[in-house]
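Spelled out from the first residue to the last, the chains are:
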Amino acid sequence: MNLLLFFLARIRLRISVLTFKTDQFGISRNKRFRGSFAHQSNGWARRIGALFILLAASSGLTACVYDGSDSSSLRSSWVRPDDPQEKLGAKEHPLVLAKYGGEYSDKNAETLLALIVGRLVSVSQDPSRIYKITVLNSPKINAFALPGGYLYVTRGLLALANDSSELAAVIAHEMAHVFSNHAILRREKISHSALGKDVVEGALGGSRAGKIALAANKIRLSEFSKDQELQADAISIRMIGRAGFDPFSAGRFLETMNKFRQLKSKKAGKSGIGTFLSSHPTTPARVLLAKRHARFFGAPGVGERSRERYLEGISGLLYGDTADEGFVRGQVFTHAGLGISFRAPKGFTIHNQPHAVTLTGPSDVATRFDAAVLSPTKSLTKYLKSGWINGLINETIREETLNGLPSATALAAADGWRFRVLVIRNGGQLYRFITAAPQSNLQIQAISKQVTGSLRVLSEKEIAALSPLRIKIVTAGNRDTLGSLTRRMRGVGNRVKLFKILNSLGPGARVRSGQQYKIITDRS
């Protein structure tokens, strides 16, 4: 069973996006996690549980929905105001932005995209159509197309691509969906999602959170068909070939995505991918078909790759989590805004979500962390008893001091599961840890204490030293090797494998002097 889903359904997490509300205990949502626990009626709990089942199913991002956000510099020149389909895309555009972290603004990347889109439009089947392309501030590997020429790529996808021709293949694929009217045909499928829509609106009403949840459900239900995907592949390869790009880049990028998916799957399990990589499988047959289409233009090596120009465009690109979300470095989670750090036990994996941080481990044990604001005058014991924990065992509540901070703990049990809840006060800030395990697991106390006991407040010097990871372009010297370059990478695991994937290096490949390479680091 998905423990995060269990937390959401059982502990009745109410998502509140980009808003600050205060309940009777003076708790204001922290904008980093955008969520808080709330006590509601049993009927509401059933509906919200159903809602999160829908959202959990939609977490694996759909095929070819290259999401995006608004980029005024590109919109002004590429979006056609009299396009009737543009209104359809414009309606869903804000929901896409809200779901995927908004727009990522980078002039070099935007210029790179503008040049590529311009070349592709000139050879497209519909050269009169105008497009709007946005880079989403998300580390996930994804891309979307909406009616009206709305195209989206995530910064995670930009980091994974190796040259301009590979990015051109991605964009051309999405353009093919647009002028083939796949996005319009896909909307007909959405009309069959009335049940999901009723569940979302019934649980969250007309709130912004409800609209975002509904957008996620639409994305899940609106995957392109296999035939539509293959059709878009064929059209996009013809486009990039006619535009002078390397037509073999499409198959090459499919292979890169597959390697990246396998790398992430080994680390986080199938639930850790949840993006374009899992819903848009790069099967050997699909790669082979892409290469066959490319051979129409000649043998491998034909066409322009523009790797140096591409690397220039993504130099300094943010990689991984943003500062607002906190940083995961190995087994440690650190958040500058909250001013805290804690460590996951050995064998556990940290999942940094927009609304919370979850630590999942063996034997179906997991811990959920988030933060809120609690009035300094409010009792921690009364807060635990306020009704946000289902199955709370009142006699287990204990107030104590943890690492010099006032805290309170309690146990809860429900439906064959047991919980240990810990709340920690740091001035007006409240940190909340919930550890869950099957009723038969007697290690929940020890695991919970191992996580919460590692919590510490960061010094001003430590906070000032925190920096996000970025793509850095380096030129290999005469003495550089695969080992010397990967040792310069920071904040990521499997450095050698990741370096090879990011730079499209096959087995046995060596670093070449004078060649440019991507590395990941938090240092300038």
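Refer to the preceding data block for the structure.
Quantities reported herein were computed from a predicted structural model and do not represent experimental measurements.

*Asks:* Would you mind going over the overall build of the protein chain in detail, with residue names and values included?
*Replies:* The number of helices and strands found in the protein chain is 20 helices and 20 strands. Residue burial in the protein chain is summarised as follows: out of 524 residues, 55% are buried. Long-range contacts, defined as pairs at least 24 residues apart, comprise 70% of the intrachain contacts of the protein chain with a sequence gap of at least 6. Surface exposure of the protein chain reaches about 22300 Å², of which carbon and sulfur atoms provide 51%.

*Asks:* Now, about helix α5 (residues 107-123): what can you tell me, with residues and values included?
*Replies:* Spanning 17 residues, α5 covers 25 Å between terminal C-alpha atoms, matching the ideal 24 Å at 1.5 Å per step. Within α5, the full set of buried residues consists of A109, E110, L112, L113, I116, V117, L120, V121 and V123. All buried residues of α5 fall inside an arc of 160 degrees around its axis, so they share one side. Exposed residues lying more than 90 degrees from the buried face of α5 are K107 and S122.

*Asks:* Mind laying out the pattern of salt bridges, listing which residues take part and the relevant values?
*Replies:* A full pass over the atoms with the stated rule returns 12 salt bridges. The salt bridge involving R252 is made with E166; its shortest N-O contact spans 3.0 Å. You can see R252 sitting in helix α12 (residues 249-268) and its partner E166 sitting in helix α7 (residues 164-179), a full 86 residues away along the chain. Here E166 falls in the buried class, since its relative accessible area comes to 0%.

*Asks:* Quick rundown of the sheet that holds strand β20 (residues 516-521)? Include the residues and the values.
*Replies:* Taken in spatial order, the three strands make up an open sheet running β7-β19-β20, and their pairing is antiparallel. One side of each edge strand has no neighbouring strand; the edge strands of this open sheet are β7 (318-319) and β20. Bridge count for β7 against strand β19 (residues 469-475) is two bridges, and the pairing is antiparallel. If you follow L318 over to β19, its bridge partner there is R470. Contacts between helix α15 (residues 307-314) and the sheet are confined to β19 and β20, with β20 contributing the most and set at about 20 degrees to the helix. Those strands touched by helix α20 (residues 495-502) are β7 and β20, and its axis lies near 135 degrees from that of β20.

*Asks:* So what's going on with the environment of D163? Residues and values would help.
*Replies:* With respect to the helices, strands and loops of the structure, D163 is situated in the loop between α6 (155-160) and α7. Given the relative accessible area of 4%, D163 is considered buried. Measuring from C-alpha to C-alpha, the distance between D163 and R305 comes to 5.8 Å, with 142 residues separating the pair along the chain. Discounting residues that sit within four places of it in the chain, D163 has contacts with R252, R305, S306, R307 and Y310. At a separation of 2.5 Å, a polar atom in the side chain of D163 contacts the side chain of S165.

Each value, and the rule that gives it
Residues numbered from 1 in each chain as written. Predicted model: local features only at pLDDT ≥ 70, side-chain atom pairs only at ≥ 80, totals over all residues. Heavy atoms only, no water. Helix = DSSP H or I, 4+ residues; strand = E, 2+ residues; numbered from the N terminus. Buried < 20%, exposed > 50% of the residue type's maximum accessible area, 1.4 Å probe, protein only. Contact = heavy atoms within 4.5 Å. Areas by Shrake-Rupley, 256 points an atom, 1.4 Å probe, with all protein chains shown as cover. Expected span 1.5 Å × (residues − 1). Arc of directions from axis to C-beta. Salt bridge = Lys/Arg side-chain N within 4 Å of Asp/Glu carboxyl O. Pairing = 2+ DSSP bridges. Axes fitted to C-alpha atoms, helices over the stretch in contact; angles between N-to-C directions. Polar contact = N/O pair within 3.5 Å; in protein donor to acceptor, adjacent residues only side chain to side chain.

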